[in-house]
Amino acid sequence: MSTNADHDVYVRGSQEKKKDSSAMSMGSTKSYNDVDVDLAGTIAKVDGVSSARVVHMLSGVVLLDNDNTILWSNGRVCEWACRESCIGANFYAILGSPAILGPAFCPFHTALATGVPSSSTLRAADNKYFRVHAAPVSEGDEPAKNLIVTIRDVTVEVLQQQKLAAIHQAGIELADLT
C-alpha cells in the first residue's frame, strides 16, 4: 500500500507472482496477486475515508448476449475501442473486426455451445493483441445465454514471443549454412 501528496491510497496484492523464464527477460517489473475490487466497499466504511473506488483496471470486462452484443462493459473496453459507451455494439466490431488467432477460432460460440469457458487471442488492425476468456453464464438447468468475457492486452508478450521466434529461426538458418 502507498499514498501520494493528495492522500490517495494505492493497494496491490501482497503475494509476488512467480515469473517464468520468458517473462524474466521482459523487464524487472514485479507483479502481484490481484486485489478484489469489491474491497472498495469495505474500505469506504473505514472511519476517516471519504470515498473509495476502483480507478484503474488493466483488464477489460464485457457481458455479451448470444449474438456477441455488449450488454455491459467496463471503462477499459471503451478506452480500447475509443468510444464513450460500448453497450449495444458488437464485440468484434468495437475492436475493428480483429483476426482470431486461436486456439479457439470461435471462442464465444464454443463457450455457449459447450457450457465450458473458452479462450483465444485476437489481433486487431493496429497490431494490438488481446487475449479473451469467455465464461458462459447460466441460470439453473437452462443453457447459457450470456457470456462474461475478460479481455487482456497481450501485445507486449506476443511481440516478445515473435522476436524470440525470429531469433530462433535465424539461428537455425545460420546453422544450416555450415
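Residues numbered from 1 in each chain as written. Predicted model: local features only at pLDDT ≥ 70, side-chain atom pairs only at ≥ 80, totals over all residues. Heavy atoms only, no water.

### Description of the sheet that holds strand S3 (residues 60–64)
For step 1, the next point in the chain: Within the open sheet, the 6 strands sit side by side as S4-S3-S8-S7-S6-S5. Their pairing is antiparallel. The open sheet has two edge strands, strand S4 (70–73) and strand S5 (99–103), and neither has a second partner. Neighbour to neighbour, the strand axes of the sheet diverge by 30° on average, direction disregarded.
For step 2, the next point in the chain: By the bridge criterion, 5 bridges tie S3 to strand S8 (residues 146–153) in an arrangement that is antiparallel. (Pairing = 2+ DSSP bridges. Helix = DSSP H or I, 4+ residues; strand = E, 2+ residues; numbered from the N terminus. Axes fitted to C-alpha atoms, helices over the stretch in contact; angles between N-to-C directions.)

### Quick look at helix H5 (residues 107–114)
For step 1, the next point in the chain: Residues of H5 that are buried: Pro107, Phe108, Ala111 and Leu112. Mapping the buried residues of H5 onto a view down its axis gives an arc of 130°, with all of them on the same face. Seen from the open side of H5, the exposed residues pointing more than 90 degrees away from its buried face are His109 and Ala113.
For step 2, the next point in the chain: The secondary structure elements touched by the buried residues of H5 are S3, helix H4 (91–94), S5, strand S6 (118–123), strand S7 (129–137) and S8.
For step 3, the next point in the chain: Phi turns positive, to about 75°, at Gly115, one or two residues after H5. (Buried < 20%, exposed > 50% of the residue type's maximum accessible area, 1.4 Å probe, protein only. Arc of directions from axis to C-beta. Contact = heavy atoms within 4.5 Å.)

### Concerning the environment of Ile70
For step 1, the next point in the chain: Relative to the helices and strands, Ile70 is located in strand S4.
For step 2, the next point in the chain: Linking Ile70 and Asn90, residues 20 residues apart in sequence, is a C-alpha distance of 6.2 Å.
For step 3, the next point in the chain: Excluding residues within four positions of it along the chain, Ile70 makes contact with Val62, Leu63, Leu64, Cys86, Ile87, Gly88, Ala89, Phe91 and Ile94.

### Overview of the pattern of salt bridges
For step 1, the next point in the chain: The final tally for this structure, using the stated rule, is 3 salt bridges.
For step 2, the next point in the chain: Among the salt bridges present, the one from Glu79 reaches Arg76, with a minimum N-O distance of 2.9 Å. Taken together, the residues span about one helical turn, with Glu79 and Arg76 both in helix H3 (residues 75–81) at a distance of 3 residues.
For step 3, the next point in the chain: Its relative accessible area of 11% is what places Arg76 among the buried residues.
For step 4, the next point in the chain: When the shortest N-O distance is used, the salt bridge between Lys128 and Asp153 registers 3.1 Å. You can see Lys128 sitting in the loop between S6 and S7 and its partner Asp153 sitting in strand S8, a full 25 residues away along the chain.
For step 5, the next point in the chain: In this structure Lys128 comes out as partly exposed when scored by relative accessible area, which is 26%. (Salt bridge = Lys/Arg side-chain N within 4 Å of Asp/Glu carboxyl O.)

### Observations regarding the nonpolar core
For step 1, the next point in the chain: Ranked by internal contacts, the top residues of the largest apolar core, which has 25 residues, are Phe91, Phe108, Val149 and Ile151.
For step 2, the next point in the chain: Those elements giving two or more residues to this core turn out to be S3, H3, H4, H5, S7 and S8.
For step 3, the next point in the chain: Leaving out residues up to four positions away in the same chain, Phe108 has contacts with Leu64, Asn68, Phe91, Tyr92, Val132, Ala134, Leu147 and Val149. (Core = buried A, V, L, I, M, F, W, Y, C linked by side-chain atoms within 4.5 Å.)

### Description of the confidence of the model for the protein chain
One rule of thumb: low pLDDT means the predicted coordinates there are not for detailed reading.
For step 1, the next point in the chain: Here the protein chain averages 80 in pLDDT, and 75% of its residues register 70 or above.
For step 2, the next point in the chain: Throughout residues 21–29 the model reports pLDDT below 50, and contacts reaching past four residues in sequence, or to other chains, amount to 8 contacts. (pLDDT = per-residue confidence, 0-100.)

### Quick notes on the pairing of S4
For step 1, the next point in the chain: Taken together, the 3 bridges between S3 and S4 define a ladder with antiparallel strand orientation. If you follow Leu64 over to S4, its bridge partner there is Ile70.
For step 2, the next point in the chain: Here S3 folds back onto S4, and the loop between the two strands holds 5 residues, one of which, Asn68, carries a positive phi near 65°.

### Observations concerning unusual backbone geometry
For step 1, the next point in the chain: A cis amide bond links Gly102 to the next residue, Pro103, at an omega of 10°.
For step 2, the next point in the chain: Position of Pro103 among the secondary structure elements: in strand S5.
For step 3, the next point in the chain: Despite not being glycine, Asn68 shows a phi value in the positive range, around 65°.
For step 4, the next point in the chain: If you trace the backbone, Asn68 turns up in the loop between S3 and S4.

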